[in-house]
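Here's the letter readout for the chains.
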Amino acid sequence: MRTSLWSSLVGTIRSWLDRLLWRGPTPALTLYPKCVEDLLTIMAQARDNGTTVKVVGGSFPTSPAPGDILVSLQYMDRLLGLDTNNKTVMVEPGMKLSTLSSLLGTINLSIDLAGRVPDLTILDCVAVGGPGLGCGETGLGSSILQVEVVTAKGELASWNWDTNTRQMGGLVGGLGMLAVVIAVTIKCCPLVMVSEISYLSSVREVVDTWSMVHRTSNHQQITWFPFTELVIISHTSNLDKLSFAVSQSRLNMFLTEASEWVATIIRRLNIVMFSSVPMLSSVLARVQFISLWTAARYRSDHAHHPAHFLPPSPIMRGTSWLLPLDCLPPLLHNISTWSQANPAPVTSPIFIQTVVSDSKDMHETRSRTSSVGSVGYRSQHVPQGVHGQGYLCPKLGGNVG
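Residues numbered from 1 in each chain as written. Predicted model: local features only at pLDDT ≥ 70, side-chain atom pairs only at ≥ 80, totals over all residues. Heavy atoms only, no water.

A. How the structure looks around the overall build of the protein chain. Looking only at helices and strands, the protein chain has 11 helices and 19 strands in total. Each of the 401 residues in the protein chain was classed as buried or not, and the buried ones make up 48%. In the protein chain, the proportion of contacts linking residues at least 24 apart, taken out of those at least 6 apart, comes to 72%. (Helix = DSSP H or I, 4+ residues; strand = E, 2+ residues; numbered from the N terminus. Buried < 20%, exposed > 50% of the residue type's maximum accessible area, 1.4 Å probe, protein only. Contact = heavy atoms within 4.5 Å.)

Given below as structure tokens:
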């Protein structure tokens, strides 16, 4: 009896830890090829045995079904080539964005990323896209010049946007169902540091002055819990040679990371354990808001890399939309009105970030919600959002926003 009770207690604690740390079911087998030859061997054996495998980059949170065989390319992370004259770089699919950014930063180059960006591997970026990454027309998607892939038949191929438009369109944001990427050539851009200024405002003020707010800087980020009128607004602007801004000190960086870590842990605890206790959930959400504001305050008035890399688990679990800038004020007004009429626990903030497309005067806004619903609510009367990454990419004509 004691053994059964102890086993039940251990199982319950392990289940809580798995949910808290976003752990999925453990696959029966995970293979880690370190070169293209290893990958070709694995795929050949899978074809001969009639076995289905899932190829991943190793950074995106996955939930494999029991018995799945995963092939993780996280150890295929070498720099394959760098052309400083043409400003291009070729890397293997397992290299993380932060690693690539650091390498390019040593020669004053960067990749086309800005704002909060999940620190994914290149393969996961190509497969799933995500906030700040673009879905083919903005961000990293538009910077990909060529990919080297292995098809389902084990054939090596080279695709680019000029001669393989259909294949590239299915590959970028296609969840890895078209081919296995083994190398990516990316167009780089000159590294321009940015200054970041953050402050508190009200959602009403944002709605009333948005037409002016989004023109005062290159990028804007808004963090908002619908239970409060307060929002955190962060503006980032490019620094020119005449501008002056100092980088964060080590202490400031530590305090920023610590505040972000605290906010992430509180959010997970709130979702896993306290979302059914409205009073306690509301208190934890407010503590999370304070932690996020503390992190933004420590980053404010300093020079930063244009991309702020964050762990992928919290930022990628949720629902996202793309919509024109002029649709944002009525959306915020509707959410605010609805949340006041339907009070319920809020475990996660709505995150909004402006993304500049390739065309001039074209902007899109990506609004971020939590993994428990489209606006972070858990209520039987609220339609739940799509889990994972969902994008509504309307056809935009002329000037937007």
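Having seen it, we continue.
B. Region of interest: the packing of aromatic side chains. Tallied over the entire structure, the rule returns 2 aromatic pairs. Seen from their ring centres, Y32 and Y75 are 5.4 Å apart, and the 55° between their planes marks the pair as tilted. Taken as a pair, Y32 in the loop between β1 (29-31) and α2 (36-49) and Y75 in the loop between β3 (69-72) and β4 (79-83) lie far apart in primary sequence, 43 residues in all. Y32 gets classed as partly exposed once you look at its relative accessible area, which sits at 40%. Judged by relative accessible area, Y75 falls into the partly exposed class, the value being 43%. Where F225 meets F289, the ring centres are 6.0 Å apart and the plane angle is 75°; that geometry is what we call edge-to-face. (Phe/Tyr/Trp six-rings, centres within 6.5 Å; stacked < 30°, edge-to-face > 60°.)

C. Local environment of the environment of H214. Considering the arrangement of structural elements, one finds H214 in the loop between α7 (203-213) and β13 (219-224). On the basis of relative accessible area, H214 is assigned to the buried category, the value being 8%. Spatially, the C-alpha atom of H214 lies 8.5 Å from that of L325, the residues being 111 residues apart in sequence.

D. The arrangement of the pattern of salt bridges in detail. All told, the structure shown has 3 salt bridges when counted by the stated rule. Salt-bridge contacts for R78 lead to E92; the nearest nitrogen and oxygen are separated by 2.8 Å. Remark: E92 occurs in the loop between β5 (88-91) and α3 (97-105) and R78 occurs in the loop between β3 and β4; sequence separation between them is 14 residues. According to the relative accessible area criterion, R78 is partly exposed, its value standing at 47%. Using a relative accessible area of 2% as the deciding quantity, one classes E92 as buried. (Salt bridge = Lys/Arg side-chain N within 4 Å of Asp/Glu carboxyl O.)

E. The arrangement of the nonpolar core in detail. Counting 40 residues, the largest nonpolar core has L97, L100, I122, V147 and I186 as its most contacted members. Taken together, the elements giving at least two residues each to this core come down to α2, β5, α3, α4 (122-128), β8 (144-150), α6 (165-171) and β10 (180-187). Per element, the largest residue contribution to this core is 6 residues, and it comes from α4. Counting 14 residues, the second-largest nonpolar core is a separate cluster that includes V203, V213, I335 and I350. (Core = buried A, V, L, I, M, F, W, Y, C linked by side-chain atoms within 4.5 Å.)

F. View of the sheet that holds β3. If you walk across this open sheet you meet the 3 strands as β1-β3-β2, and the pairing is parallel. A single partner strand is all that each edge strand has here, and the edge strands are β1 and β2 (53-56). Pairwise comparison of adjacent strand axes, ignoring direction, gives a mean angle of 25° for this sheet. As paired strands, β2 and β3 are joined by 4 bridges and run parallel to one another. By the bridge assignment for β3, V53 is matched with I69. (Pairing = 2+ DSSP bridges. Axes fitted to C-alpha atoms, helices over the stretch in contact; angles between N-to-C directions.)

G. Region of interest: the environment of K54. Mapped onto the secondary structure, K54 falls in strand β2. Through-space distance from the C-alpha of K54 to that of V71 is 5.9 Å; in sequence the pair is 17 residues apart. Beyond its immediate sequence surroundings of up to four residues, K54 is in contact with D68, I69, L70 and V71.

H. Representation of the packing of α7 against helix α11 (residues 328-341) within the structure. Packing of α7 against α11 brings their axes to within 9 Å, and their N-to-C directions diverge by 155°. The angle between α7 and α11 falls in the class roughly antiparallel. The crossing of α7 and α11 is left-handed. Across from V203, V206, V207 and W210 in α7, the residues of α11 making contact are L328, P329, L332, H333 and S336. Of the residues that constitute the contact of α7 with α11, the class distribution is 7 nonpolar, 2 polar and no charged. (Parallel < 35°, antiparallel > 145°, perpendicular 65-115°, else oblique. Left-handed = near helix turned anticlockwise from the far one by under 90°. Nonpolar A, V, L, I, M, F, W, Y, C, P; charged D, E, K, R; others polar.)

I. Structural view of α3. Listed as buried for α3 are L97, L100, S101 and L104. Each buried residue of α3 lies within a common arc of 100° when the element is viewed along its axis, so the set occupies one face. (Arc of directions from axis to C-beta.)

J. Local environment of the sheet that holds strand β9 (residues 156-160). Spatial ordering of the open sheet is given by β4-β5-β10-β8-β9, a layout of 5 strands whose pairing is antiparallel. Whereas interior strands pair on both sides, the edge strands pair on one side only; in this sheet they are β4 and β9. When strand polarity is set aside, the average angle formed by the axes of neighbouring strands in this sheet is 15°. Strand direction decides the pairing type here: β8 and β9, joined by 5 bridges, are antiparallel. When the bridges of β9 are listed, E148 appears paired with S158. Packing against the sheet, α2 makes contact with β8, β9 and β10, and its axis sits at approximately 145° to β10.

K. Spotlight on unusual backbone geometry. Although it is not a glycine, K87 sits at a positive phi angle of roughly 55°. On the basis of relative accessibility, which here comes to 30%, the residue K87 falls in the partly exposed class. Not every positive phi belongs to a glycine, and N108 is a case in point at roughly 60°. Note on placement: N108 falls in the loop between α3 and β6 (109-110). Its relative accessible area of 54% is what places N108 among the exposed residues.

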